[in-house]
Amino acid sequence: MTDGSSSSFFHDFGLLLYLEELNKEELNKFKLLLKNENVEPRDCQIPWAEVKKAKRKDLANLMKKYYPGEQAWDVALKIFGKMNLKDLCERATAEVNWTAQTMGPDDARTQEEQDGQETVQGDRTEYRIQIKEKFCIMWDKKSLFGEPEDFHIGVAQEDRELLEHLFDVDETGEQPQTVVLQGAAGVGKTTLVRKAIVDWAQGNLYQQRFSYVFYFNAREINQLREQSFVQMVSKDWPSREGPIERIMSEPSSLLFIIDSFDELNFAFEEPEFVLCEDWTQVHPVSFLMSSLLRKVMLPESSLLVTTRPTACKKLKPLLKNQHSVELLGMSEGARKEYIYQFFEDKRRAFQVFNSLRSNEMLFSMCKVPLVCWAICTCLEQQMEMGGDVSLTCKTTTTLFTCYISSFFTPVDGSCTSLPNQTQLRSLCHLAAKGVWTLTSVFYREDLRKHGLTKSDVLIFLDRNILQKDTEYENCYVFTHLHVQEFLAAMFYILKDNWETRDRSLQSFEDVKLLLEANSGQDPHLTQMKCFLFGLLNEDLVKQLETTLNCTMSLEIKGKILQWLEILGNSEHFPTQLEFLELFLCLYETQDEAFISQAMRSFQKAIIDVCGKVHLLVSSFCLKHCQCLRAIKLSVTVSCEKMLNSGCPAALWQRDGGHITHCWQDLCSVLRTNEHLRELELCHSNVGELAMKTFYQELRHPNCKLQKLLLRFLSFPGGCQDIANSLTDNQNLMHLDLKGSDIGDNGVKSLCEALKHPECKLQNLSLESCDLTTVCCLNISKALLRSQSLRFLNLSTNHLLDDGIKLLCEALGHPKCHLERLSLESCGLTVAGCEDLSLAVINNKRLTHLCLADILGDDGIKFVSDALKNPRCNLQSLVLRRCHFSSLSGEHLSSALLCNRSLTHLDLGSNWLQDDGVKLLCDAFRHPSCHLQELELLGCVLTSTCCLDLASAILNNTRLRSLDLGHNDLQDDGVKVLSEALRHPNCNIERLGLEYCGLTSLCCQDLSSVLRSNQNLIKINLRQNTLGHEGVMKLCEVLRSPECKLRVLGVCKEAFDEEAQKLLEAVQVSNPHLIIKHDYIDHNDEDGSWWHCT
């Protein structure tokens, strides 16, 4: 707004705005003083009868009429002074003076211009006044559910800053037209946007950005019928103002606030081309809202939409170029301040704050002011009754059980009626359906459909379980979303007296669907699911039964245990997110025996600790998972600070040692779980003190761990503790330190342990551990002294030829017991290959060697010469990415004809092409070639080479495994291979055809192979476009008893829904068949030994 327009606005309407700041008592006093105010000439005095009945706007108009020019302001300022309103008087005087300075001769206007401008400005002023009268009541402190007086002011100041910058230019230089304000239920979204429109009406916000701001609330919109958009907007339009159509014709200066999008009962499924551009046409309100949101109607206007996160998936496709802002609620400091202001007794405040902070789920709920108040109120009641708040805060279910119970507990001897079983179950049924359908606002018809009569509703209104919306007719909500979620969980355990009724089961009533829900796909169900598990606790159920005088059943426990048993034994292994959700639910039960039963089918757990709550629930649940054989654990950034500190005493002992206790509990699993054999701790930085706790448990005599993976970790204190564990724990046979900052000094400590007679380590991986030539002397000495070490992985380290030479001195010695060695990407050149080839010849025990990514023609020649030597005992050779040429192929081909021991050869990712494979196939099909497993993954092959490969398959009866993945074989190539695969001489058991450009056309050939080849048990067809037709052909043979296939590698999700059902049906009819996305099993059988330890 320019200085001129600002001064004009103040000159014409400033007096009214200042009168608006007077409360009712002050306004009456102003009128009395005005009655006695004498102004020359005497006949200018306003008639008292008109003054007495005048509202603020009428009073301002009367003063301007009877006191023309500046006289009205002179009178007003004089009266403000008499009323001792110094601040108001000073501000008004300053604005009057500023207006006088900014108004110049150029501001003079004709009477017609003035009249026209008054009409325009009059619209806005009338509208501003009406908006303020409508919304200002929301800021009455008495409505803020008993908060301390100065509590809301601080929050409002923070929110004011957020509001001011919502429509700021972003990093790209664009000014957003659509802003989405998202946040949890009750966090303050509605309050904030209502403050925005009030601030705009008061002239304090968006004055230069928007001429008009219009507010729509979902609860009101849901009850509207067909009308035009201009009729919707006109609901708050002053009756005596000018035409609203003129305002709508300038959409770039309009802001539409759509509050509580998540409460709208519209599907928004209309195609965009049928939507409405004309805001004067009558349509269903859902149609109008869709047109506005999608920018079909009034595309130049701006939108501010509030929603819960659960509705973002529905909202996002409707909007164009949205800018999202999350309203997080109260910070930790604000929550602490609120709790300390709520409790007058500071000792109680301290106890409550610490109890809540020890349960991150509850403490997070307290970000919402209403929930924080409710929790404090509940805990205050518990304290008054002598209860232990630390026990009440143990789980969210425990606290909300107490909170819900408080609604039904008689106060001061009163004896109001309790709801009966049918009424309670009807309400819980309503709550459950609402949670499932993302519905939190219910209308009279919704209540009627769930069997809730007017008298039923009154019972729950009186108990403060339900609330009736005071602004919008026929709207009912639960006191808070968490109350609705708790009652929804109760629905599943309330004894069903409807069982004898003939009724169809609604989908959400099936508890299995709730159990299968996860936070990624169904975040709105997460808390209800947690409450359901919490209500499996018998003590809490008894408390509710006593308080509510109802009957509950825990028969559902059996169904949940049955579901968990199926999950634990299923092919679909839970992800780390699903495991954490499961542990969150199990923790809510606080039932150790139930957790033990629930987890008895699980042999592996994957846990990502990224907050205190995850550490809490994981440490509690893992102690009772006695059947686990493997745990994969990671501690991510947000949790590292708790377990890793430059000042350990400060952070390690925070929360009264709660974090320390949880970490110790988690580590204790190493000695308390007698079946645990494998543990992986990866991508974590837990700190020296935390690791000392870990090593202490690892060295315990009861620790039966055999395989330890400490991948991508930092060891600031060095590796001495790991080394000590190797000698103290004689069960430990496998150590993988891939990607960790071991360095040469760390290797020195490990090598000392390897030389110790008590060390029984067999497998050691030091891949990508920042090693250099320096460490190789220590490793070489350890190889000569260790009686147990069989596998060593030194890949991706800067060892160079000098380091390899030192290793080879040990490898060639008869005291070296090493059998497998991986030296991928170690800087090996031709000189190192010569030393290595001699060591291979002299070492009778070395059977597996990986030299990927390092050789070239000259290096291949040395390796081939070693293979020709009769003393060479290599069984597996990996030569991936070794820069093959035709010369390398010749060297290798001649070696294969001489060698009697090599059974596995991996030539993946070499530029062999069809000609190179043709050369090698001459050797493959020769009777002297003993190869059983051949990998040609990504060797730039086409269908042209398939005839040579088919010949090798037919003539080499030893060949059991052939991987041709990531080659452009296409359907024609598979057709040629199929002829060989069907032949009785073919003994292929495993066939890899991943990403080979295959379509449904090849499936008939593959089906005939599966039907006739009785040896083929594994086939990988991932990343091929087989289509629905191809799947049908395969499924037909997979159901046949003639098919012996045991593993089919395809991604079921890549096919249409019908094809997925076909594959699932095949698994049912053929229980021996496994259909899996991750086809490869990293074990010796499929030749991928060098991938892992």
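Residues numbered from 1 in each chain as written. Predicted model: local features only at pLDDT ≥ 70, side-chain atom pairs only at ≥ 80, totals over all residues. Heavy atoms only, no water.

Peer 1: So what exactly am I meant to see when it comes to the overall build of the protein chain here?
Peer 2: Helix and strand content of the protein chain: 48 helices and 27 strands. Per-residue burial over the protein chain gives 54% buried out of 1093 residues. Partitioning the contacts of the protein chain with sequence separation of at least 6, the portion at a separation of at least 24 is 80%. Carbon and sulfur atoms make up 50% of the accessible area of the protein chain, which amounts to about 48,200 Å² in all. (Helix = DSSP H or I, 4+ residues; strand = E, 2+ residues; numbered from the N terminus. Buried < 20%, exposed > 50% of the residue type's maximum accessible area, 1.4 Å probe, protein only. Contact = heavy atoms within 4.5 Å. Areas by Shrake-Rupley, 256 points an atom, 1.4 Å probe, with all protein chains shown as cover.)

Peer 1: How should the sheet that holds strand β6 (residues 302-307) be read in this particular structure?
Peer 2: Hydrogen bonding along the main chain pairs the strands of a sheet, whether they run parallel or antiparallel. Sheet architecture is open: 5 strands sit in the order β2-β4-β6-β1-β7, paired in parallel fashion. Since the sheet does not close on itself, it has two edges, and those belong to β2 (212-217) and β7 (322-326), each with one partner. The average undirected angle you get between the axes of adjacent strands in this sheet is 15°. Sheet analysis places strand β1 (residues 178-182) next to β6, joined by 5 bridges and oriented parallel. What sits directly across from T178, in β6, is L303. Against the sheet, helix α9 (residues 189-201) touches β1, β2, β4 (254-259) and β6, its axis set at about 155° to β2. Relative to the sheet, helix α13 (residues 285-293) contacts β2, β4 and β6, its axis offset from that of β4 by approximately 125°. (Pairing = 2+ DSSP bridges. Axes fitted to C-alpha atoms, helices over the stretch in contact; angles between N-to-C directions.)

Peer 1: Could you clarify how one ought to interpret the pairing of strand β10 (residues 475-478) in this entry?
Peer 2: Residue alternation in β10 divides its side chains into two sets, C475 and V477 and Y476 and F478, and both sets are buried. Taken together, the 3 bridges between strand β8 (residues 441-443) and β10 define a ladder with antiparallel strand orientation. Opposite V441, over in β10, you have V477 as the bridge partner. Across 3 bridges, the pairing between strand β9 (residues 466-468) and β10 is antiparallel. Bridged to K468 within β10 is Y476.

Peer 1: Would you take a moment to explain unusual backbone geometry for this structure?
Peer 2: Most of the time, phi is negative for any residue but glycine, and the peptide bond is trans. Of note, L438 is a non-glycine position whose phi angle comes to about 60°, a positive value. Considering the arrangement of structural elements, one finds L438 in the loop between α21 (421-436) and β8. The class of L438 is partly exposed, set by a relative accessible area of 37%. Residues other than glycine seldom take positive phi values, yet S825 does so here, at roughly 55°.

Peer 1: How do you make sense of the packing of helix α42 (residues 886-898) against helix α43 (residues 913-924) when you look at a structure like this?
Peer 2: When two helices pack together, their arrangement is given by the angle between their axes and by how far apart the axes lie. Following both chains from N to C, one finds α42 and α43 inclined at 5°, their axes separated by 9 Å at the closest point. Between α42 and α43, the angle is such that the two are roughly parallel. Facing α42, whose interface residues are S886, G889, E890, L892, S893, L896 and L897, α43 presents L919, L920, A923 and F924. (Parallel < 35°, antiparallel > 145°, perpendicular 65-115°, else oblique.)

Peer 1: How should the side chain of N1013 be read in this particular structure?
Peer 2: Tracing the backbone shows N1013 in the loop between α46 (1003-1012) and β25 (1018-1020). N1013 gets classed as buried once you look at its relative accessible area, which sits at 4%. In terms of polar contacts, N1013 uses its side chain to reach the backbone carbonyl oxygen of L981, at 2.9 Å. Apart from the residues within four sequence positions on either side, N1013 is in contact with L981, C986 and I988. (Polar contact = N/O pair within 3.5 Å; in protein donor to acceptor, adjacent residues only side chain to side chain.)

Peer 1: Explain helix α16 (residues 346-357) here, please?
Peer 2: Each α-helix winds once per 3.6 residues, and so residues spaced three or four apart point in a common direction. Taking 1.5 Å of rise per residue, the 12 residues of α16 would be expected to cover 16 Å, and the 16 Å separating its terminal C-alpha atoms lies within 8% of that figure. Residues of α16 that are buried include every one of A349, V352, F353, S355, L356 and R357, and no others. Measuring from the side-chain oxygen of the N-cap residue of α16 to the backbone nitrogen of R347 gives 2.9 Å; that N-cap residue is D345. (Expected span 1.5 Å × (residues − 1).)

Peer 1: What's the story with the packing of aromatic side chains in this structure? I'm lost.
Peer 2: Remark: the centre distance and the inter-plane angle together describe each pair of aromatic rings, the angle taken between the planes. Tallied over the entire structure, the rule returns 30 aromatic pairs. Ring geometry for Y206 and F210: centres 5.6 Å apart, planes at 85°, overall edge-to-face. Considered together, Y206 and F210 belong to a single accessibility category, that of buried residues. Here the aromatic rings of Y338 and F342 are separated by 6.2 Å at their centres, their planes lie at 45°, and the arrangement is tilted. With Y338 and F342 both in helix α15 (residues 332-342), this residue pair falls 4 residues apart, about one helical turn. (Phe/Tyr/Trp six-rings, centres within 6.5 Å; stacked < 30°, edge-to-face > 60°.)

Peer 1: I tried to follow the confidence of the model for the protein chain on my own but got confused; where do I start?
Peer 2: For residues with low pLDDT, the predicted coordinates do not support detailed interpretation. Mean pLDDT over the protein chain: 85, with 88% of residues reaching 70 or higher. Strand β15 (residues 734-736) holds the highest mean pLDDT among the elements of the protein chain, 97, whereas helix α33 (residues 648-652) holds the lowest, 47. Below a pLDDT of 50 lies the segment residues 1-9, which in the model reaches 17 contacts outside its immediate sequence neighbourhood of four places, other chains included. In this model, residues 104-123 is a region of pLDDT below 50 whose contacts with residues beyond four sequence positions or in other chains number 19 contacts. (pLDDT = per-residue confidence, 0-100.)

Peer 1: Would you explain the sheet that holds β8 in this entry?
Peer 2: The strand order across the open sheet formed by 3 strands is β8-β10-β9, and the pairing between neighbours is antiparallel. Two strands bound the open sheet, and with one partner strand each, they are β8 and β9. Ignoring which end each strand starts from, the neighbouring axes of this sheet average 35° apart. Against the sheet, helix α23 (residues 454-462) touches β9 and β10, its axis set at about 100° to β9.

Peer 1: Would you mind going over the packing of helix α18 (residues 369-384) against helix α20 (residues 396-408) with me for this structure?
Peer 2: One can describe the packing of α18 onto α20 by two numbers: an axis separation of 10 Å at closest approach and a directional angle of 80°. By the angle class used here, α18 and α20 are roughly perpendicular. For the pair α18 and α20, contact is made by W373, A374, I375, C378, L379, Q381 and Q382 and by L399, C402, Y403 and S406, respectively. Here the residues of the contact of α18 with α20 are counted per class, giving 8 nonpolar, 3 polar and no charged. (Nonpolar A, V, L, I, M, F, W, Y, C, P; charged D, E, K, R; others polar.)

Peer 1: Can you help me understand the pairing of strand β14 (residues 707-713) in this one?
Peer 2: Consecutive residues of a regular strand have side chains that alternate between opposite faces of the sheet. Burial of β14 is extensive: 5 of the 7 residues sit out of reach of the surface. Bridging between strand β13 (residues 678-684) and β14 involves 6 bridges; their strand directions are parallel. Note on β14: the bridge partner recorded for L679 is L708. Traced from β13 through helix α35 (residues 688-698) to β14, the parallel crossover comes out right-handed. Bridge count for β14 against β15 is 3 bridges, and the pairing is parallel. Looking at β15, one finds that L709 is bridged to D736. For the segment spanning β14, helix α36 (residues 720-728) and β15, crossover handedness is right-handed. (Right-handed = clockwise from strand over helix to strand, strands pointing away.)

Peer 1: Hey, could you run me through the pattern of salt bridges in this one?
Peer 2: Pairing between side chains of opposite charge can happen when the charged atoms of each approach one another. Inspection of the entire model under this criterion finds 34 salt bridges. Linking D591 and K557 is a salt bridge whose minimum nitrogen-to-oxygen distance equals 3.4 Å. A residue pair is termed long-range when its members are at least 10 positions apart, and D591 in the loop between α29 (576-589) and α30 (592-598) and K557 in helix α28 (residues 556-569) qualify at 34 residues. In this structure K557 comes out as buried when scored by relative accessible area, which is 14%. Notably, a salt bridge pairs R881 with E824, separated by 2.2 Å at the nearest N-O pair. Of this pair, R881 sits in the loop between β20 (876-878) and α42 while E824 sits in the loop between β18 (820-822) and α40 (830-842), and the two are 57 residues apart along the sequence. (Salt bridge = Lys/Arg side-chain N within 4 Å of Asp/Glu carboxyl O.)

Peer 1: How should α43 be read in this particular structure?
Peer 2: Helix length check: α43, at 12 residues, gives a terminal C-alpha distance of 16 Å against a target of 16 Å (1.5 Å per residue), a fit within 8%. For α43, the elements touching its buried residues are α42, β22 (933-935) and α44 (946-955).

Peer 1: Whenever I open this one, the side chain of E263 confuses me. Can you help?
Peer 2: Structurally, E263 is set in the loop between β4 and β5 (282-283). Residue class for E263 comes out buried when judged on its relative accessible area of 8%. There is a polar contact of 3.0 Å between the side chain of E263 and the side chain of R219. In this structure E263 touches A218, R219, N222, S440 and V441, once residues within four positions along its chain are discounted.

Peer 1: So what exactly am I meant to see when it comes to the nonpolar core here?
Peer 2: Generally speaking, soluble globular proteins have nonpolar side chains that are buried together. Counting residues in each nonpolar core, the largest one holds 324 residues, and the members touching the most others are F229, F256 and L879. Those residues within four positions of F256 in sequence are excluded, and the remaining contacts are F214, F216, F229, V233, M248, L292, L298, S301, S302, L303 and L304. Ranked by size, the runner-up nonpolar core spans 31 residues in total, among them I46, A54, W73 and L85. (Core = buried A, V, L, I, M, F, W, Y, C linked by side-chain atoms within 4.5 Å.)

Peer 1: I would appreciate a short explanation of the environment of Q720 in the present structure.
Peer 2: Position of Q720 relative to the elements: it lies in helix α36. A sequence separation of 29 residues divides Q720 from S749, and the C-alpha atoms of the two residues are 5.8 Å apart.

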